[in-house]
Amino acid sequence: MSTRILPEFDLLMPHTVNEAVKILAKHKRKAAVLAGGTDLLVVMKDGYRVDYVISLAEISGLNSLKYDSKQGLQLGAMVTIADVVKSKVVKEKYPALWTSASENGSPQTRTMGTVVGNILRASPSGDCCCAVLALGGSVILRGPKGTREVPIDKFWLDYRVTARKPDELALALKIPPMPHGTVTAFTKMTRTTLDLAKVNAAVRLDMSQKKCTQARIAVGAVAPTTIRLPKTEKLVSGKAITVQVLKEVQQSVSTEIKPINDVRSTAEYRRDVTGVLVRRVMEQALGGI
């Protein structure tokens, strides 16, 4: 049963990444990492127990949001969802991510919650998860053996399970620069404005001479993790995206998802509307059709 009372734990405040990694290596699953805390504190009040909580608040540089035309976008582990909403470069270069952030929760949770935290939570209905999967990118992890990058396509292994090891710290999220002509968009359906998504969808369409050369289509809340739709992506690649193609997209989507019944929706409803949502987000990305 959820209460307002946190369980007892030791709060550790490392001042460097190396110090934080050493603590994680020592305590592993007995420790949890605290960035914004919008997820961790909730689950701790709901029964999750660890002996140690490692705060990232005193480590400099983790709140860095950087963009380079050749390297792309890099969001440090302490970059908040509100920071992304305030960023003009994210709004211009990565509209799918910007929209997912601007519609994520309440102003209070956006101010505290971090984008990397949203990725690590690995919720199949995560808004930033859906946008990032469509855009492509990687998560930078640091552990006792050094630094490694895990492609976002391989990061979510199962429901709430990621490729991060217990002794690794997530340092940043990297998203590549978008090619000239690329368009992106994100949308979702909810019961109420601040609720988690019944279904969400995001697309990245690399366009050249009015044809889609490559597509990345992501949907959430229709499988144990946020997923891409390779069959549907292949359907649009190499084609001009016409009204007829969009009809075929809508029909294709339902064959690639495995929704369930839960408190927010039924599997049947999700199966019926996800194709419509994908068609709409593609239209949104293309500016109407």
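Residues numbered from 1 in each chain as written. Predicted model: local features only at pLDDT ≥ 70, side-chain atom pairs only at ≥ 80, totals over all residues. Heavy atoms only, no water.

Enquirer: Which residues make up the packing of aromatic side chains, and what values do they have?
Expert: Considering all chains together, one arrives at one aromatic pair under this definition. Here the basic side chain of Lys91 rests over the ring of Trp98, its NZ or CZ set 4.6 Å away from the ring centre. (Phe/Tyr/Trp six-rings, centres within 6.5 Å; stacked < 30°, edge-to-face > 60°. Lys NZ or Arg CZ within 6 Å of the ring centre and 35° of its normal.)

Enquirer: Could you give an account of the nonpolar core, with specific residues and numbers?
Expert: Counting residues in hydrophobic clusters, the biggest one holds 37 residues, and the most contacted among them are Leu97, Ile119, Phe155, Leu173 and Ile175. Elements supplying a minimum of two residues to this core: strand E5 (72-76), helix H3 (81-86), helix H5 (95-102), helix H7 (115-121), helix H8 (127-135), strand E6 (138-143) and strand E10 (169-175). Of the residues forming this core, the biggest block, eight residues, is contributed by H8. Looking at which domains feed residues into this core, each of domain 2 (65-175) and domain 3 (183-286) supplies at least three. Not counting chain neighbours up to four residues away, the residues in contact with Ile119 comprise Cys128, Cys129, Val132, Val139, Ile152, Phe155, Trp156, Thr162 and Leu173. (Core = buried A, V, L, I, M, F, W, Y, C linked by side-chain atoms within 4.5 Å. Buried < 20%, exposed > 50% of the residue type's maximum accessible area, 1.4 Å probe, protein only. Helix = DSSP H or I, 4+ residues; strand = E, 2+ residues; numbered from the N terminus. Domains from an automatic or database assignment. Contact = heavy atoms within 4.5 Å.)

Enquirer: Run through the sheet that holds strand E1 (residues 10-12), naming residues and quoting values.
Expert: Taken in spatial order, the three strands line up as E1-E3-E2 in an open sheet, and their pairing is parallel. Pairing within the sheet leaves two strands with one partner each, and these edge strands are E1 and strand E2 (31-34). When strand polarity is set aside, the average angle formed by the axes of neighbouring strands in this sheet is 25 degrees. Sheet topology places E2 next to strand E3 (residues 52-55); four bridges connect them, and they run parallel. Its bridge partner lying in E3, Ala31 is registered against Tyr52. (Pairing = 2+ DSSP bridges. Axes fitted to C-alpha atoms, helices over the stretch in contact; angles between N-to-C directions.)

Enquirer: Hey, could you go over the packing of H5 against H8 for me, with residue numbers and the actual values?
Expert: In contact at an axis separation of 8 Å, H5 and H8 are set at 175 degrees when each is read in the N-to-C sense. In this view, H5 runs roughly antiparallel relative to H8, as classed from their interaxial angle. Contact with H5, carried on its side by Ala96, Leu97, Ser100 and Ala101, involves Asp127, Cys128, Ala131, Val132 and Leu135 of H8 and no other residues of that element. Across the contact of H5 with H8, the residue classes tally to seven nonpolar, one polar and one charged. (Parallel < 35°, antiparallel > 145°, perpendicular 65-115°, else oblique. Nonpolar A, V, L, I, M, F, W, Y, C, P; charged D, E, K, R; others polar.)

Enquirer: So what's going on with the side chain of Ser55? Which residues, and what values?
Expert: You can see Ser55 is positioned in strand E3. Given a relative accessible area of 6%, Ser55 falls into the buried group. In this structure Ser55 touches Leu11, Leu12, Met13, Pro14 and Leu34, once residues within four positions along its chain are discounted.

Enquirer: Describe the sheet that holds strand E7 (residues 146-151), and please don't skip the residues or the numbers.
Expert: With respect to topology, five strands assemble into an open sheet ordered E4-E5-E10-E6-E7, the strand pairing being antiparallel. In this open sheet, the two strands that pair with only one neighbour each are strand E4 (65-68) and E7. Put simply, the sheet's adjacent strands are angled 20 degrees from each other on average, direction ignored. Packed onto the sheet, helix H1 (residues 17-27) meets E6 and E10 and runs at close to 125 degrees relative to E10.

Enquirer: Report on the pairing of E6, specifying residues and quantitative values.
Expert: Along E6, five of the six residues are buried, which leaves the element largely enclosed by surrounding structure. In terms of strand pairing, E6 meets E7 through six bridges, oriented antiparallel. Paired with Arg142 across the bridge in E7 is Thr147.

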